[in-house]
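Survey of secondary and tertiary structure
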Amino acid sequence: MQLRQLTQNEINTLTHQGCRSNEWGRVTVCDPFFADRYRDVTFIGDVELHPAETEIALGALPLPAGVYNAVVISSVIGRGAHVSNIGNYMADCSVGEKAIVRNVATIECPQPSTRGNGVEVEVLSETGGREVPIYYGLTAQQAWLIAMGRHDVGLVAQLKADIAAKTAEIKGLRTIIGAGATVVNTGYISGVEIKPRARVNGASRLVNGTVGEEAEVGTDVIAVDFITARKSLVDKAARIDHVFVGEGSCVTNGFSAHHSLIFSNCILENGESAAIFAGPYTVSMHKATLLIGGMMSMFNAGSGANQSNHLYKSGPCHHGVLERGVKLASDAYVMWPARIGAFSTVMGRHKSHPDTSSLPFSYVVENNGSTQVIPAIALGNIGIARDIDKWPRRDRRPAPATDIITYPLFNPYIGNSLVEGIDFLTQLIASQPDKAEYNCGNFTIRKSHAERGAALYRDALFNYLATTLLQRIAAGNPLSATVDCVSGEWVDAAGMTIPADMITRGIPSPGEWESLYPALEWNWVASYLLSQFDIDVNHLDNSTISDIIDKWQKINASFDAMLLADAEKEFATDSPLATGAFGLFGADTRETDFLNVRGRLAGSSLNALLTSRTRQTAYLSHSITTFLNR
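Going along each chain's sequence as written, the residues are numbered from 1 onward. The predicted origin of the model limits local features to residues at a pLDDT of at least 70 and limits the giving and counting of side-chain atom pairs to 80 or more, whereas totals for whole chains, interfaces and linings rest on all residues. Heavy atoms throughout the structure, all of them, feed into the side-chain values; hydrogens and water do not.

Further remarks concern the pattern of salt bridges. Note on definitions: salt bridges are taken to be side-chain nitrogens of Lys or Arg within 4 Å of carboxyl oxygens of Asp or Glu. Per the stated rule, a full pass over the model turns up 22 salt bridges. Taking the shortest distance from any N to any O, the salt bridge between Glu193 and Arg115 comes out at 3.8 Å. One end of the pair, Glu193, is in strand 16 (residues 182-194); the other, Arg115, is in the loop between strand 12 (100-108) and strand 13 (120-121), and 78 residues separate them in sequence. Whether a residue is buried, partly exposed or exposed follows from its accessible area with a 1.4 Å probe, protein chains only, as a fraction of its type maximum: under 20%, in between, or over 50%, in that order. Its relative accessible area of 15% is what places Glu193 among the buried residues. Judged by its relative accessible area of 5%, Arg115 falls in the buried class. The partner of Glu131 in a salt bridge is Arg150, with the nearest N and O atoms 3.8 Å apart. Here Glu131 is found in the loop between strand 13 and strand 14 (132-133), whereas its partner Arg150 is found in the loop between helix 2 (140-148) and helix 3 (153-170), with 19 residues between them in sequence. What emerges from the salt-bridge pattern is a single network uniting Arg4, Glu10 and Asp31. In this text, helices come from DSSP runs of H or I with a minimum length of four residues, and strands from runs of E with a minimum of two, each type numbered from the N-terminal end.

This is the structure:
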């Protein structure tokens, strides 16, 4: 729009309405100019006023466009925007079209600001060495490569240089409030960009940061050197300092995060984090819980869970890895460094720095002050089945999402872990045939647990491989594959399972990955069907397929029975573990009280989940039988 200076009549009208300026010539406007929409405003420096037309709704309150009761210094007020009740002043600010800025103490940008972009987060090691520069648009996979790819100096340097270039383009002398954004009842804002349609309501202090599109920042929040991504929430006295908050994530109820990366769909409440790399679906909701120096995803922290990253006098330079799906039970403690295998549960205190990454689905428990591992037992855990079912349904990210998340329980990364578990336990049993308990250095395993674990791992591996094969047959997809038993290591790059050599060549876009993954997974499955079970998918006959489905059905039935037995524990009216807090009117009321509150397994969501699994098995079995009989 064409800017022009005010006419004398317009200046007279503004003055009559309580407006002031020592240099009216530096106030420029766009037509149509509505002089009656500016009251009790002091203009200082170069100020641009775009048409103050129409009204904007703030909830049930209609607000006229324009500026009311404010000191405006060297700023731009966008078309249809409403600015009112600025307690101190608004300086060096650009207010977007139809934005609302109301009841704010101070808005300024006293020095050149990147608005949080380029801030280095000292993740994992608080003494540095794995720092990640953040920017608006950072993905979990980019951050994972920068933090964990330090063996490849050139790769990390290039990724950092790309972010530095983006940051240089962003640097400026304005706080920016985007189109349709709402900023109300807030204290101090300096060097911040509030993206279009974002909402800030009741924040205390926002300095050098970016609030993402459709994101929310709420009551009493203090945020410094930060980025919050699209549709994220930081609320209720949360404190974030050198933090990235990912799409659909929620940091609230007094949670304090320092030098932390928090990616998609995390929920962090009440507790504290320092130097964590929180991949998708990290959950911590308790006041006494501390997350420090750890990398995790699809993770749940119990109340009072804690870690130590200050082992020696050289400072807090230690970190740990909790593979996808790990849970820390209440009061669980781990001294870093340590690495816990996928979908394991940690109970008790562990100071021996265990590495159980080759033993997924385990219970890692404290036994007389030492760490004991019960491998594979969690394969029958109904809670894991429930988590796998609920995670995709609880995706709060706007489309298109930026982080890539591998949702299925079984994938080549987990498959590799199962193979490693089989090899580890088989060799352990063979090397110490007369031992009742094996000493594995930093942990122990009982012989009976090792034998059962190896069998369960082998069944789980076959079940995954066979399911993938049978689904391809049922769908009519080609079975030809590149069978290569040395197909390379897969990694879990912050929620995305991918071949290690592939991610270092460049992170694919979500759309590209969606088309690439099925073929990569199928080649991996075909390789391990051949190497582990002597099944060559390039030379299958009906007899082999029939044998596969018979074995697959038996294994599936066995795992379904394990899940059912685990679910039944929650509804066992004859067990004090389930009903101990029921029936306060007397023992004869306990069962009725329980059933009226909890109901029976048959009517629960767990039963619906189990039924769905059974139906899927039956449908796939029928499809394969039809294929064999055609």
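Once the structure has been displayed, the description carries forward.
Strands pair, by our definition, only if DSSP identifies at least two bridges between them. Spatial strand order, 32-35-38: three strands in an open sheet with parallel pairing. What marks the edges here is a single partner per strand, and that holds for strand 32 (306-308) and strand 38 (349-350). The sheet contact formed by strand 32 and strand 35 (residues 333-335) spans three bridges and is parallel. Looking across to strand 35, one finds that Asn306 is bridged to Tyr333.

Next up on the list: the packing of aromatic side chains. Note on aromatic pairs: each is described by the distance of the centres and the angle between the planes. The aromatic pairing rule takes the rings of Phe, Tyr and Trp, using the six-membered ring of Trp, and pairs them if the centres are within 6.5 Å, calling planes under 30 degrees apart stacked, those over 60 edge-to-face and the rest tilted. Per the counting criterion, the structure on display carries 16 aromatic pairs. With centroids separated by 6.0 Å and ring planes inclined at 65°, the aromatic side chains of Tyr281 and Tyr407 adopt a geometry described as edge-to-face. Linking Tyr281 in the loop between strand 27 (277-278) and strand 28 (283-284) with Tyr407 in the loop between helix 4 (382-390) and helix 5 (412-431), this pair joins segments that are 126 residues apart in sequence. Tyr407 shares its class with Tyr281; the two are buried. Aromatic rings pair up to connect Phe343, Phe361, Phe410, Tyr464, Trp524 and Tyr528 into one cluster. Counting as a charge over the ring demands two things of the Lys NZ or Arg CZ atom: a distance within 6 Å of the ring centre and an angle within 35 degrees of the ring normal. One residue, Arg349, lies across the ring of Tyr333, its end atom 4.3 Å from the ring centre. Against the face of Phe462 rests Lys551, its NZ or CZ located 4.3 Å from the ring centre.

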